[in-house]
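Close look at the chain arrangement
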Amino acid sequence: REILRRVLPLYRDAAGKGRIEISTSPYAHPILPLVLDSDAAREAMPQAPLPPRFRHPGDAQAQVEDALSLVEREMGVRPRGMWPSEGSLSQETAELLASCGIAWAASDEEILARSDRAAPPSPEGQPARQPAPDIQQAWEAGSGEGTVALLFRDHDLSDRIGFNYSGMTAERAVADFVGALEQRAARSETGPGLLLVALDGENPWEHFPRAGADFLRGLYGALLRHPRIEPSTVREALEARPRRGRIRRLHAGSWIRADFGTWIGGPEKNHAWTVLGRVRSDLSAALDDPRIPAEQRSAAWASLRAAEGSDWFWWLDGQFSSLHRFQFDQVFRGHLRQAYESLGRAAPDFLSWPIPQAASADADAGLSEPFAWLSVVPDGFEGDFFEWEGAEPIPWSRLSPASTLERARGLLESLRLGFARGGECLLR
């Protein structure tokens, strides 16, 4: 607790000295494009079955504004930048962020590669058409009512920190990272470029020696001493590079495979969206009813806001394993019950029914329809944590009929099956 009490004052001090820029994410970590319109998932996942349409742009705006107000209250500065939850963007999301006063947002380079792009006008005034997805420059998206600057992370460099460097010495990892920056600088054809490295800041360090302290101190020291690499805040980088590429239509997706298959499209995920949608529609009138005390409506919104968070959907359908899957489901439905109770209403019976389906003999008899295409490099290595995410797990019982001479241990520990967009069948 003593350490935690020091964190926010350290951030405030560093921000006041211009050493960091404070950004934020939407308040309860929702997938903004899906809260705006769950049918946005069809853009990258046309083959996936989707739940009844969830469309609540007012909720998405409140999630953004609540986050901005919280950070301003705690840190004394209203953020101008946003990392959308899981790097999730869409054209409508960019327009929403611009309307909320967000100056810049960030996502993954795959989103840029799949977006409809236009380069800045040439000196002769002729616009270029569909330029290369250059992540070493800033881009912008939005509409005539406002635009937001966009940066797209270097996927490879980010993943080196997230997945590779924990197995190296700090010195070797730092040298590899700086060398990769130098190689990218040498390939830049438009003068000084910029590179964004973005990853889940809390996840990698438990795998590093000394929780990453040696690597981080070595990296920051090497960057500060380097004659041609200049660390900067996003705001400084954008102010130094006013010339930006234009995105005519921003692809709807996240930093995981540039789609939303981690949160929607599977049977249990869709069921959760259906339940959330029923509750949200049922309470819409009450949330806007001035006859109900404001504190009750505020409490009900706080519960709904929490239920719109992304992680409830992450753990459904068995894509990721957790011993607490059913507890997560109970908490998710508990938030929705509290929304009713805050308004003095009884929660409907369907909120008592678990969303995850318990395994059964019938469920074990066949495979479910895959709802996400795989992008696997068949090299014998798992180079990306999400490379096989979305593949169907096949238990040993499906491969070996039970008998009185059942083996104590199957020949295979696990098998996963999936399909690539080109039709290839992939096994792991």
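Residues numbered from 1 in each chain as written. Predicted model: local features only at pLDDT ≥ 70, side-chain atom pairs only at ≥ 80, totals over all residues. Heavy atoms only, no water.

Examining the nonpolar core
If you look at the biggest cluster of nonpolar residues, it comprises 80 residues, and the most contacted ones within it are Leu150, Phe152, Phe260, Phe332 and Leu336. If you tally residues by element for this core, the top one is helix H10 (residues 267-287), at eight residues. Setting aside residues no more than four positions away along its own chain, Leu336 makes contact with Val275, Leu276, Val279, Leu304, Ala307 and Leu351. Formed by 17 residues, the second largest nonpolar core is a distinct cluster that contains Tyr165, Val174, Trp205 and Ile229. (Core = buried A, V, L, I, M, F, W, Y, C linked by side-chain atoms within 4.5 Å. Buried < 20%, exposed > 50% of the residue type's maximum accessible area, 1.4 Å probe, protein only. Helix = DSSP H or I, 4+ residues; strand = E, 2+ residues; numbered from the N terminus. Contact = heavy atoms within 4.5 Å.)

Re the pattern of salt bridges
Using the criterion set out here, one finds 23 salt bridges in the structure. The closest approach of N and O atoms between Arg114 and Glu110, which form a salt bridge, is 3.1 Å. Judged by its relative accessible area of 38%, Arg114 falls in the partly exposed class. Note on Glu110: relative accessible area 28%, which makes it partly exposed. The shortest N-O distance in the salt bridge between Arg235 and Glu239 comes to 3.3 Å. Residue Arg235 and its partner Glu239 are both found in helix H9 (residues 234-239); the two are separated by four residues, about one turn of the helix. Salt bridges here are not isolated pairs; linked through shared partners, they connect Asp154, Asp156, Arg160, Asp176 and Arg184. (Salt bridge = Lys/Arg side-chain N within 4 Å of Asp/Glu carboxyl O.)

Let's talk about the side chain of Arg333
Among the structural elements, Arg333 can be located in helix H13 (residues 325-342). Among the polar contacts listed, one links the side chain of Arg333 to the backbone oxygen of Leu351, at a separation of 2.8 Å. Non-local contacts of Arg333, meaning those with residues more than four positions away in its chain, are made with Leu351, Ser352, Trp353, Pro354 and Ile355. (Polar contact = N/O pair within 3.5 Å; in protein donor to acceptor, adjacent residues only side chain to side chain.)

Regarding the packing of helix H7 (residues 170-187) against helix H8 (residues 213-225)
Interhelical geometry of H7 versus H8 gives an angle of 40 degrees and a closest axis separation of 9 Å. Here H7 lies oblique to H8, going by the angle between them. Of the two possible hands of crossing, H7 and H8 adopt the one that is right-handed. When H7 is examined against H8, the residues Ala170, Ala173, Val174, Phe177, Val178 and Leu181 are found in contact with a partner set consisting of Asp214, Phe215, Gly218, Leu219, Ala222 and Leu223. Its residues assigned to classes, the contact of H7 with H8 comprises ten nonpolar, one polar and one charged. (Axes fitted to C-alpha atoms, helices over the stretch in contact; angles between N-to-C directions. Parallel < 35°, antiparallel > 145°, perpendicular 65-115°, else oblique. Left-handed = near helix turned anticlockwise from the far one by under 90°. Nonpolar A, V, L, I, M, F, W, Y, C, P; charged D, E, K, R; others polar.)

A word on a nonpolar patch on the surface
Taken together, the side chains of Leu8, Tyr11 and Ile20 define a hydrophobic patch exposed on the protein surface, amounting to about 240 Å² of accessible area. Its place among the elements puts Ile20 in the loop between helix H1 (2-16) and helix H2 (32-36). (Patch = residues over 30% accessible without salt bridge, like charges linked within 9 Å, V, L, I, M, F, W, Y side chains within 5 Å. Areas by Shrake-Rupley, 256 points an atom, 1.4 Å probe, with all protein chains shown as cover.)

With respect to the sheet that holds strand E6 (residues 245-249)
Paired through backbone hydrogen bonds, the strands of a sheet run either parallel or antiparallel to each other. Ordered in space as E1-E2-E5-E4-E6-E3, the six strands form an open sheet in which the pairing is mixed. Each edge of the open sheet is held by one strand with a lone partner, namely strand E1 (81-82) and strand E3 (116-118). Two strands pair when backbone bridges link them, and E1 and strand E2 (residues 104-108) are joined in this way by two bridges, in the parallel orientation. Among the inter-strand pairings, Met82 is bridged to a residue of E2, identified as Ala105. (Pairing = 2+ DSSP bridges.)

Overview of the packing of aromatic side chains
This model, assessed by the stated rule, comprises 14 aromatic pairs. An angle of 70 degrees between the planes, with centres 5.8 Å apart, marks the rings of Phe313 and Phe332 as edge-to-face. Linking Phe313 in helix H12 (residues 311-314) with Phe332 in helix H13, this pair joins segments that are 19 residues apart in sequence. Looking at Phe332, the relative accessible area reads 2%, which means it is buried. Ring centres 6.5 Å apart and planes at 80 degrees place the aromatic pair Trp315 and Phe320 in the edge-to-face group. Connected via pairs of aromatic rings, a cluster forms that spans Phe54, Trp273, Trp312, Phe313 and Phe332. For the cation-ring pair, Arg278 lies above Phe350, with the distance from its terminal atom to the ring centre recorded as 3.8 Å. (Phe/Tyr/Trp six-rings, centres within 6.5 Å; stacked < 30°, edge-to-face > 60°. Lys NZ or Arg CZ within 6 Å of the ring centre and 35° of its normal.)

Examining H10
Residues spaced three or four apart along an α-helix face the same direction, because each turn holds 3.6 residues. Its 21 residues place the ends of H10 29 Å apart at the C-alpha level, agreeing with the 30 Å of an ideal helix rising 1.5 Å per residue. In H10, a bend of some 25 degrees at Ser281 exceeds every other bend along the element. (Expected span 1.5 Å × (residues − 1). Bend = angle between axes of the 7 residues up to and from the residue.)

A look at the pairing of E2
Where burial is concerned, most of E2 is hidden: five out of the five residues are buried. The parallel pair E1 and E2, bridged by helix H4 (residues 91-99), forms a crossover whose chirality is right-handed. In this structure, E2 lies alongside strand E5 (residues 146-153), joined through five bridges in parallel fashion. Bridge pairing in E5 links Asp108 to Arg153. (Right-handed = clockwise from strand over helix to strand, strands pointing away.)

Nothing here speaks to function; it is geometry throughout.
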